[in-house]
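A look at the structure
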Amino acid sequence: MNLKSRLFKKPWQHKDPEVRSRAVRESDDPELKAQLAELAQHDEAPDVRLAALKSINTEAFWLDARLRESDASILAAADDFLAREVPRSTNSEMLSERLEWFAHIETADLVRKMAQSATDVALRRAALERISAQGFLGDCYAGEKDESLAAEILARIDQKSTLERLSRELRKTRKKRAQAATERLNALQVASGEAEADQTAAETLVLRMEALSRGEYESGNRADHLAEIEREWSTLDAAPEGLQRRFEGASNIVRSSLNRPARNETGQSAGDQAAEQADQAPHSGLQEAAEHIRETIRQARKDIKPAELLATWDRAWNQIRQVSEADQALKEDILPLLRELQVQVEQQSSEKTDSGKQQSDDTKPAVDFDALLDQTAEALESGDIANSHGLIRRIRSELGKLPHKARPGKVSGRLQRMEGRLKEMRDYQHWSHNKHRDDLIEQVEKLPDSGQHPDAISAALKEARNEWQRLEKLEVLPGDRKRFAAPPGQWRRFQNACKNAFDSARPFFEKRQQVQEETLEQLEQFIEKGMALAGEDNPDSKLLQQYMRKSRQAIRRMDDLPPKARGRSAARLRELMDALSSRLDQAFEQIELTKRRLITEAKALAHEKDLKTAIDKAKALQAQWQKAGSGRRKLEQKLWEEFREPIDPLFQKLKGERAEQKEADRERIAELEALCKQAEELAALPDDQLQAAEGRMSGLAGDWNASTGRPGKLNTRFEKAEAKFRKRLAKLHDKARAQARDQVERMARAVQDIWSRRLEGQLDQLADELPVIDQDSEDELVIQLHRTATRLASPDVPDDELTELANGNSDKARQVVVEMEFLSGEETPESDRKLRMDFQVRRLAQRMGERDGGPGLEQELAELVRRWYASLPQSLEHHKELSARFARSRDVLENMFGG
């Protein structure tokens with residue numbers, strides 16, 4: 001990171017996503033190029049990630065984004081790129097990611113495109129698995145390059161018309177595919193009952209026999225194939241007449257070729273030779289030269305010229321671009337004849353040179369031409385064109401030094417053949433290098449649109465130029481008249497392509513130069529500020545260290561400066577670092593003095609009796625230590641250990657006290673949790689045990705309230721358990737009161753009913769129908785009502801007495817009802833208005849005489865209810881009216897206090 005980037009944030013680091021996105025799209029900053037991968041994967045804004053992905057624009061990043069992202073725009077862009085890139089290239093390292101991406105594709109056109117044109121077999125297979133259209137599968141079968149995949153496609157074709165079309169269209173271009181389609185069609189016809197198995201098998205055997213007659217069969221002996229096909233034909237029950245004629249005709253052709261008596265010089269029959277060469281044959285020119293040599297030798301003519309025959313073979317052999325196994329076999333076959341011709345040539349040369357043996361020794365060749373020729377032959381065989389060219393020039397030069405008649409004819413002949421071979425090799429080299437140059441031009445032409453970093457473009461241009469020069473040096477050899485090997489038009493294309501590629505990167509280099517100049521300016525300002533700081537009387541040590549650290553970073557980043565200014569800037573930075581180092585030494589000495597004083601004060605804390613005071617002073621000393629700053633690293637750690645030695649025991653002691661307090665707190669919390677648990681257990685007791693546990697709950701509540709420092713959670717827990725207990729207990733009390741009230745109501749109704757039935761003359765039956773009460777009942781009102789019922793049912797009590805009692809009770813009951821209506825605010829009938837007024841006056845006088853205000857409303861209601869039940873039985877003519885008024889007023893009063 002250079003100085004500018006440390007002082008100012010880059011646009012792609014801005015908080016605003018729009019600013020970051022625009023910077024990623026438009027900036028050519030090399031630092032941005034280095035951060036593109038991070039932005040593409042981890043930036044929080046989808047627009048920024050999309051812009052970064054478009055700038056990188058490689059398959060790996062688009063695949064990762066397609067499988068990881070959820071933003072619709074990124075997914076669409078990824079699919080668009082991958083739909084163009086994936087079908088036209090193979091990438092085994094990312095095959096699984098490609099297949100995972102393709103599994104998300106639902107566009108039918110893209111699926112069909114992948115099935116037909118994807119370079120990767122696995123992608124084509126995945127696409128074909130999603131296609132069921134029989135016609136399209138047939139087209140894919142016809143054009144599929146991979147045989148195994150083609151077999152899979154054929155196995156999925158069940159439409160007979162498609163199989164018939166494939167068998168018809170592929171018959172001439174791809175015979176094996178056509179035969180497989182025919183066999184598939186026959187199998188389907190047999191399965192559907194449209195044809196018999198023997199008929200389809202006969203058609204297959206006829207096709208195999210016809211192929212064998214044309215020499216089209218796999219490895220092995222032709223006769224063995226014929227015998228195998230005839231054996232399978234004999235197992236058929238019957239075959240159609242047309243197939244029978246076709247089979248017999250093809251088999252006769254095969255037999256006639258096998259029984260042909262003619263044999264070539266190798267002793268091999270023509271039929272066997274054709275069978276062996278069905279897959280591969282020698283070069284036609286080489287084969288013609290071999291036949292010409294054999295035919296000439298077979299005629300045994302006297303005018304045979306061995307040198308010409310050898311030259312014919314050498315020319316044919318030199319025309320071969322790539323030697324095949326058949327070519328090598330033909331050479332080995334004719335090699336004895338070639339050796340015989342070579343011997344004849346040597347004999348003729350020896351005879352010609354015998355007449356010149358009488359010449360003086362100075363005319364004899366002083367050079368071992370045979371050794372040089374052998375070296376040249378080895379160089380040619382190894383493909384060393386430069387060495388071969390040099391050796392041939394040397395031999396030609398040495399031959400030129402000899403008189404014409406003294407030049408060995410054998411050497412000249414071999415040399416001529418080697419020169420022809422060398423020329424062919426150089427022509428091939430020139431042709432191959434021109435293709436390589438075309439590839440270089442194509443690569444350079446692609447550089448402007450490749451999206452690579454400008455530095456990478458520059459490096460690629462340099463590498464391309466070096467490669468071009470290397471090709472030139474390989475082709476332009478010593479003694480050549482031409483100065484350049486590449487054609488002029490090709491050279492101009494290369495120059496234009498290099499110029500265009502460099503022009504595409506030129507803005508970046510200009511921008512980088514501008515940035516380097518700005519960085520140089522900022523560095524000079526930084527150096528000036530640093531020198532000014534070093535010249536101050538009392539500079540801040542931390543600031544000195546910051547400048548020293550930045551100076552060290554800057555001197556390691558000289559590449560951020562213009563090349564011409566790097567040496568001078570490095571010298572100025574070293575000067576600044578020397579000045580800063582001198583001032584830092586002075587500052588470190590002052591820091592060390594301060595910290596030694598703090599160490600002395602820390603040791604004095606051992607005599608402090610109050611631990612809290614000692615801890616406070618230790619913390620103050622620590623703050624002063626931090627404020628003093630950092631000294632030399634080697635001494636800083638030693639001083640720090642001396643400073644901590646007297647302080648650490650104080651904090652250890654404080655830590656022990658806190659641990660004890662923490663243990664006490666844990667015990668207290670455990671006690672509180674035990675109280676909560678007991679309260680929860682009491683709250684969960686059965687209803688029959690709840691009343692007896694009320695005292696225990698009160699005791700727990702007292703213990704809880706007496707404890708201090710209760711945590712909020714435990715406090716809520718205990719209050720919840722206590723509230724649950726109180727609520728359940730209140731429900732039990734309400735239930736008991738309701739049961740008691742029901743019992744009183746039943747007893748009251750029984751009393752009034754007994755009185756009514758006695759008046760109706762049913763006294764004899766009442767003794768047996770008296771209400772029964774619990775002998776343990778302590779409710780005085782229930783007991784009183786039961787006594788009244790017993791008296792009413794007793795025949796010993798006169799009716800007049802009971803009638804008088806009922807009438808008197810009616811007056812009492814009326815008085816009770818009037819008082820209840822007054823308390824409840826209900827209207828009183830006109831006939832009882834005087835009673836209500838009299839009660840109101842008496843109540844007012846009573847209230848005025850009582851200082852405490854008298855009983856409460858709830859107590860008054862309970863007394864009135866008791867008086868009402870005590871007024872039973874009542875006269876039948878008033879009971880209904882009074883009981884209705886009583887019930888209405890009672891409900892109002894109970895609602896007033898929630899009873």
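Details of the structure are given in the entry above.
In short, a report on the structure. Being a predicted model, the structure only gives us computed values, none of them experimental.

**Overview of the overall build of the protein chain**
Helix and strand counts for the protein chain come out as 38 helices and zero strands. Going through the 899 residues of the protein chain one by one, you find that 37% of them count as buried. Looking at the protein chain alone, contacts between residues at least 24 apart form 67% of all its contacts between residues at least 6 apart. For the protein chain, the exposed surface amounts to about 54,300 Å²; the carbon and sulfur share of it is 48%.

**Structural notes on helix α11 (residues 147-156)**
Taken together, the buried positions of α11 are L149, A150, I153 and L154. The buried side chains of α11 occupy one side of the element, clustering within an arc of 140° when seen end-on. Where the residues of α11 are buried, they touch α9 (121-129), α10 (134-143), α12 (160-169) and α13 (175-192).

**What to know about the packing of aromatic side chains**
Here the structure, examined in full by the defined rule, presents 14 aromatic pairs. Seen from their ring centres, F526 and Y547 are 5.0 Å apart, and the 5° between their planes marks the pair as stacked. Here the residue F526 occupies a position in helix α25 (residues 488-534), and Y547 occupies one in helix α26 (residues 541-555), the gap between them amounting to 21 residues. Taken individually, F526 and Y547 each receive the classification buried, so the pair is uniform in this respect. Here the aromatic residues W468, W491 and F494 are joined through ring pairs into a cluster of three or more. Positioned above the aromatic ring of F102, the side-chain terminus of R130 is 4.9 Å from the ring centre.

**A closer look at the nonpolar core**
Counting 52 residues, the largest nonpolar core has V24, W62, W101, F102, M114, Y141 and I153 as its most contacted members. In this view, M114 contacts V86, P87, W101, F102, L123, R124 and A127; residues no more than four positions away in its chain are not counted. Residues V744, V782, L802 and V817 belong to the second largest nonpolar core, which totals 31 residues.

**A short note on unusual backbone geometry**
With an omega of -5°, the peptide bond running from L872 to P873 counts as cis. Assignment of secondary structure puts P873 in the loop between α37 (857-870) and α38 (876-897). Even without being glycine, N57 reaches a positive phi, approximately 55°. Among the secondary structure elements, N57 is positioned in the loop between α4 (46-56) and α5 (59-68).

**Thoughts on the side chain of H879**
Within the secondary structure layout, H879 lies in helix α38. Side chain to side chain, H879 and Q874 meet in a polar contact 3.0 Å long.

**A word on the environment of Q691**
In this fold, Q691 is placed in the loop between α30 (687-690) and α31 (694-706). What makes Q691 partly exposed here is its relative accessible area of 41%. Distance from Q691 to F725, taken between C-alpha atoms, is 10.0 Å for residues 34 residues apart in sequence.

**Let's talk about the packing of helix α23 (residues 409-446) against helix α24 (residues 454-475)**
The contact between α23 and α24 brings their axes to 11 Å, and the two run at 170°. One way to sum up the angle between α23 and α24 is to call them roughly antiparallel. Residues R426, Q429, H430, H433, H436, R437, L440, I441 and V444 of α23 touch α24, and the partners they reach there are L461, A464, E467, W468, L471, E472, L474 and E475. Looking at the contact of α23 with α24 residue by residue, the classes come out as eight nonpolar, four polar and five charged.

**Regarding the environment of W625**
Inspection of the secondary structure puts W625 in helix α28 (residues 611-628). Look at W625 and you get buried, because its relative accessible area is 4%. W625 sits 27 residues away from L598 along the chain, and the two C-alpha atoms are 7.2 Å apart. The residues touching W625, leaving out its near neighbours within four places in the chain, are K595, L598, I599, E636, L639, W640 and F643.

**Describing α28**
An ideal rise of 1.5 Å per residue puts 26 Å on 18 residues; α28 measures up with 26 Å between its terminal C-alpha atoms. Among all positions in α28, only L611, A614, I615, A618, L621, W625 and A628 are buried. What you see down the axis of α28 is that its buried residues fit within an arc of 135°, all on one side. Counted as exposed and oriented over 90 degrees from the buried face of α28: K612, Q626 and K627. Looking at the buried residues of α28, the elements they touch are α27 (566-604) and α29 (633-683). Put simply, D610 is the residue that caps the front of α28, since its side-chain oxygen is 3.4 Å from the backbone nitrogen of K612.

**Observations regarding the pattern of salt bridges**
Enumeration according to the criterion identifies 39 salt bridges in this entry. Among the ionic pairs, E467 bridges to R470, the shortest N-O distance being 2.5 Å. With E467 and R470 both in helix α24 and three residues apart, the pair spans about one turn of that helix. Given the relative accessible area of 41%, R470 is considered partly exposed. Between R833 and E830 there is a salt bridge, and its shortest N-O distance comes to 3.6 Å.

What counts and what doesn't
- Residues numbered from 1 in each chain as written.
- Predicted model: local features only at pLDDT ≥ 70, side-chain atom pairs only at ≥ 80, totals over all residues.
- Heavy atoms only, no water.
- Helix = DSSP H or I, 4+ residues; strand = E, 2+ residues; numbered from the N terminus.
- Buried < 20%, exposed > 50% of the residue type's maximum accessible area, 1.4 Å probe, protein only.
- Contact = heavy atoms within 4.5 Å.
- Areas by Shrake-Rupley, 256 points an atom, 1.4 Å probe, with all protein chains shown as cover.
- Arc of directions from axis to C-beta.
- Phe/Tyr/Trp six-rings, centres within 6.5 Å; stacked < 30°, edge-to-face > 60°.
- Lys NZ or Arg CZ within 6 Å of the ring centre and 35° of its normal.
- Core = buried A, V, L, I, M, F, W, Y, C linked by side-chain atoms within 4.5 Å.
- Polar contact = N/O pair within 3.5 Å; in protein donor to acceptor, adjacent residues only side chain to side chain.
- Axes fitted to C-alpha atoms, helices over the stretch in contact; angles between N-to-C directions.
- Parallel < 35°, antiparallel > 145°, perpendicular 65-115°, else oblique.
- Nonpolar A, V, L, I, M, F, W, Y, C, P; charged D, E, K, R; others polar.
- Expected span 1.5 Å × (residues − 1).
- Salt bridge = Lys/Arg side-chain N within 4 Å of Asp/Glu carboxyl O.

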